[in-house]
Structures are given as C-alpha cells and as structure tokens.
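Coordinate analysis (summary)
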Amino acid sequence: MSGPPEILKRIPKVEKVIGWALKDEDLQDQSHARLLKAARLVLSELRAEILERRLLAVPADQIVLEMVKKKTQDLNQARFKPLINATGVVLHTNLGRAPLAWEALERVRLTAQSYSNLEYDHLTGRRADRLKPVEELLVELTGSESALAVNNNAAALFLLMASLAKDRKVIVSRGELVEIGGSFRLSDIIEAAGVTLVEVGSTNQTRIDDYRRAATLDHVALILKVHASNFRQIGYASQVEIEELSALARAVNLPLVVDLGSGSLVDLEPLGINETTVKKALSAGADVVSFSGDKLLGGPQAGIIAGKRPIISQLKSHPLTRVARLDKMSLAALEATLLLAQDQDEGKKKIPVWRALHLTIEELKTAAIRLKRFLGPFPGLKLSVVPVDGQAGGGAAPESPLPSFAVAIESLVNNVSLLEEKLRRQKTPVVARISHDQLLLDVRTISPDEYGPLKTSLTAAWGEVVGSPVKVSPFMGL
Ligand SMILES: *Cc1c(COP(=O)(O)O)cnc(C)c1O
C-alpha cells in the first residue's frame, strides 16, 4: 500500500483539470478565472484529505471534474440570503430584524435602479436636501418640531452625545446602562463620543433626588434616559419616568434626551406590549428622542432623532451627521414605510412587523392548522398544533410574551435536534426552536408564501435525518 506522498503525486495538475473543464458543456459560461479558482480549491482540498488519510486514493478524473462543477456553483452563490424565521420572534436581530413592506422594496428598486432626485430639486433645478421628505413625515408622525435620520440608532446616540455633550457630563441612571447584544455597551458608545458619564442611583433603584443632586455638578450637558432594551428588572426596582425627569430637566435648565430603542409609532398597549410610543415620549416631556428604523417601526436600518428644533438644528450642523448619513436605498425604504404608517390601519396590513404583531390569536390558530395540513403527514414524524409564547424582540417588551400558535414536530425515531440542524442547512434554511423535544414552527413569523419552501426544506431535511429520500403526498389544497 502506498502512503500519502505517493498518492499525492497522482493528483492531476491544475492545467489538466482546467482542460477538462473548458471542454465540459455545463461549464461553458464560466470565466477562466472562476474555473481556475474552483479547480485550485478542489485540488487543495483533495491534497488535505489525502494527507489526513481521510482519502486513500485520488478520485477518478470524472469525479474530480464533478467536484469542480459543484465548487463553481458554490462560488457563484450569494451567501447572504433569505431564510424562514419560525422562531416567532418578530424582530430578531440575528435574522435581519424587520422584513420590509412590498411598497418599500418597490421604492428601493425604482429609485436605485436609475438616477433619482436624491439631492436635486427638479422643479427649481437647484440642489436639495436628501432628508427633507422623511423629516416632514417624521414630524407629522411623531408630533415633534423637527427630525433627522441617520444610519442607525447607535449612530444617533453617538451623534447626540458628541454634538450636545462633548467634553462635558451626562447624567444617566446606573440601572439603564445596558449592553444590547453583540457586545454593544451603551456606556462605551457614550464615552467614545468624548462624554463623561455621571451614573446615578443604584443598579435596581434610581430616584429623582439622585438626578437632582447630580444636576448641581459643574459642566453637566444633559440628562439621558435609556430604554433598558432586552433587560428587565423585577421585584424591588424602579427608574424615574420621563414626565418626572422632564420636570427636573426644565427646572435645572438641562435638555432631556431619551434613547427609546425600539420606538413604536403605534400604540401597542392593546396587544399587551408595554412600550411607549414616540409621540407619548415627546409629549411626556423628552426634548429629543432617538430610535431604530428597523425595530418596531418596521422599516430599514436607520437611527431616527425627533424633538426640539434648536437641538435638531445643532445636530444637523455637526460633521458626524455627514459621517452617519443614510444611503439612498434606506431612505427610499424609510419614506415608503413612513407613508404607509400615516394610516395606521393600512400600516397594520402592509408593514410586515406591524401585521405580525397585530395577528389575533384566532388568526394564528387558523394559520397553524393550515400549515399543519399543508405540510401533510410525514412518515416518522408527528405533527400537531400547539399554543406557544413568542416575542416582539428588538429589545421591545421582553417581559410581555406574545401568545401564538405553532406546528409542533416530534420525531418518532430520534430526538428532533438533528432535524433542527438539518433544517438550518437547507437551501432555504429554516430557523426553529426546540422545546420539550418538540420542534416548534411558530406561525406568527411565517408568511403563507413560505409554506411551499418550508415544506421542501422539511422534506429534504427529514430525508437526511432518516438517511433516505422521503416521499410525501402532494398537497391537495388548504
Ligand atoms: C437597539 C437599541 C440601540 C441600537 O440601535 P441600532 O439601530 O441597532 O443601532 C440603541 N439603544 C437601545 C436602547 C436599543 O434598544
């Protein structure tokens, strides 16, 4: 038997493999550069497998060529792609937060595929401000004096701090200095803007007197209140609400800045989601608020700032506003989303996040029954419809579960964790969670358009679990 060094010598030379590829019909439309890249990758993988003795002979020429074909396809595949969110978490930061409304996507396509009036007033022939259209909508929707949109809410916060408080102090409650996932700490952002934090209160208790004492310090620029995002304190804990804080801020002549995190334009209290609206935060006395575009608003990534005109004007003239500028595609999507939000009933139908949050429990149950019927019987799996708790996500109301329904899948042959993994690895990946040995497909975040691809992925994934292709009955109608 020959060892790896002997076998390695039998690996075909890259020129030879390219020669085969160039003659192959399936590869006619591939560039030479891509074939070369694919061939090199395949040959180096073969070499590694032989050295590690996972491969004991060089595959036949035809098989090497097939590997090159497969590799060429892989190299052509975009790796950033859609997937099915079966978790029931409406705003899932790892899964791209808010899916956009059709109207928003259409505006992006129309304005981005050609030239546009992004910064040009075609009526006067003069230069125009790219943000004006969304600013006017934001003023209308939030009831603020003025507004501004930047790249994301973290940038909005950074801009607020750098512009209003650089080299000075900002008063903030210790209980509100949270980390927002992905190792993003608010305090780091604030301090990076050249601001000194004055933390008041204790971890669980902050009272108005704590703020009042801090406000007597020298060089205080503003009072900051931050939405605690995914973090909630229960039991003996309290923070000072906007109204009380704003009375103090006015008395000591300091601006009150509120980072709302999610910032909803609709009142979500009727859904049991304990989140204030942007309008309420402003009328409660915040001088300026900031929030994300792709959380409860349901639009593209953006950081929106709304509030008093003199503050917004000061922000607009800061160089960071240019640094954190919103791009034309986000701007188009944001304007279209805000146009839909003007009519709340229309928004609840057409903005996917609003629609998902407003689905009634009856609608969700009906959807789960339909999905179960659509998926049909699977040999070896038991499907049922069960009540579950989902979440709004995006840092909004973590303590308020969103009751929903799911199709629960139990495996009759092994535990479902292998199926969960295989589902994630399909061409259309499906992300689902497991609870009590059941794989749960929460219908709140699955649109009926996705039922077909979901069934395809489930069929393939289950086939891989049991080691043979699964035959499922064709679907006969809902
Ligand atoms: C999500 C969040 C942010 C960050 O917003 P991005 O738009 O992701 O930059 C900042 N502050 C709070 C309180 C948040 O919840």
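Residues numbered from 1 in each chain as written. Predicted model: local features only at pLDDT ≥ 70, side-chain atom pairs only at ≥ 80, totals over all residues. Heavy atoms only, no water.

Here's the deal with the pattern of salt bridges
Cut-off, in case you're wondering: Note on definitions: salt bridges are taken to be side-chain nitrogens of Lys or Arg within 4 Å of carboxyl oxygens of Asp or Glu. Strands are runs of DSSP state E lasting at least two residues, helices are runs of H or I lasting at least four, and both sets are numbered from the N terminus onward. Relative accessibility under 20% of the residue-type maximum defines a buried residue, over 50% an exposed one, and the middle range a partly exposed one, all with a 1.4 Å probe and only protein chains included.
For the structure shown, the criterion picks out 25 salt bridges. The salt bridge partner of D26 is K69, with a shortest N-O separation of 2.9 Å. Of the two residues, D26 is situated in the loop between α2 (14-23) and α3 (32-51) and K69 in helix α4 (residues 61-76); the sequence distance between them amounts to 43 residues. Look at D26 and you get exposed, because its relative accessible area is 54%. On the basis of relative accessibility, which here comes to 13%, the residue K69 falls in the buried class. The structure contains a network of salt bridges with shared partners spanning D24, D26, E66 and K69.

With respect to the domain arrangement of the chain
Applicable threshold: Residue ranges for the domains trace back to a domain assignment, done automatically or taken from a database.
Once the domains are mapped, the chain shows domain 1 (4-76), domain 2 (84-91 + 357-466) and domain 3 (102-347). Domain 1 and domain 3 are separated by 53 Å when their C-alpha centres are compared.

Some points on the sheet that holds strand β9 (residues 256-261)
Which entries qualify depends on this criterion: Two strands make a pair as long as DSSP finds a minimum of two bridges between them. Between N-to-C directions, angles span 0 to 180 degrees; the directions come from axes that are lines fitted to C-alpha atoms, helices contributing only their stretch in contact.
Taken in spatial order, the seven strands of this open sheet run β5-β11-β10-β9-β8-β6-β7, and their pairing is mixed. Two strands close off the open sheet at either side, each with one partner strand: β5 (146-150) and β7 (196-200). Shown here is a sheet whose adjacent strand axes are inclined to one another by a mean of 25 degrees, direction ignored. Of the pairings in the sheet, the one linking strand β6 (residues 169-173) to strand β8 (residues 220-226) comprises four bridges and is parallel in character. Paired with V170 across the strands is L222, a residue of β8.

So, unusual backbone geometry
Phi angles above zero are rare outside glycine, and R53 is one such case at about 60 degrees. Here R53 shows up in the loop between α3 and α4. In the Ramachandran plot, D437 falls in the positive-phi region, its phi being about 60 degrees despite a non-glycine side chain. Judged by relative accessible area, D437 falls into the exposed class, the value being 56%.

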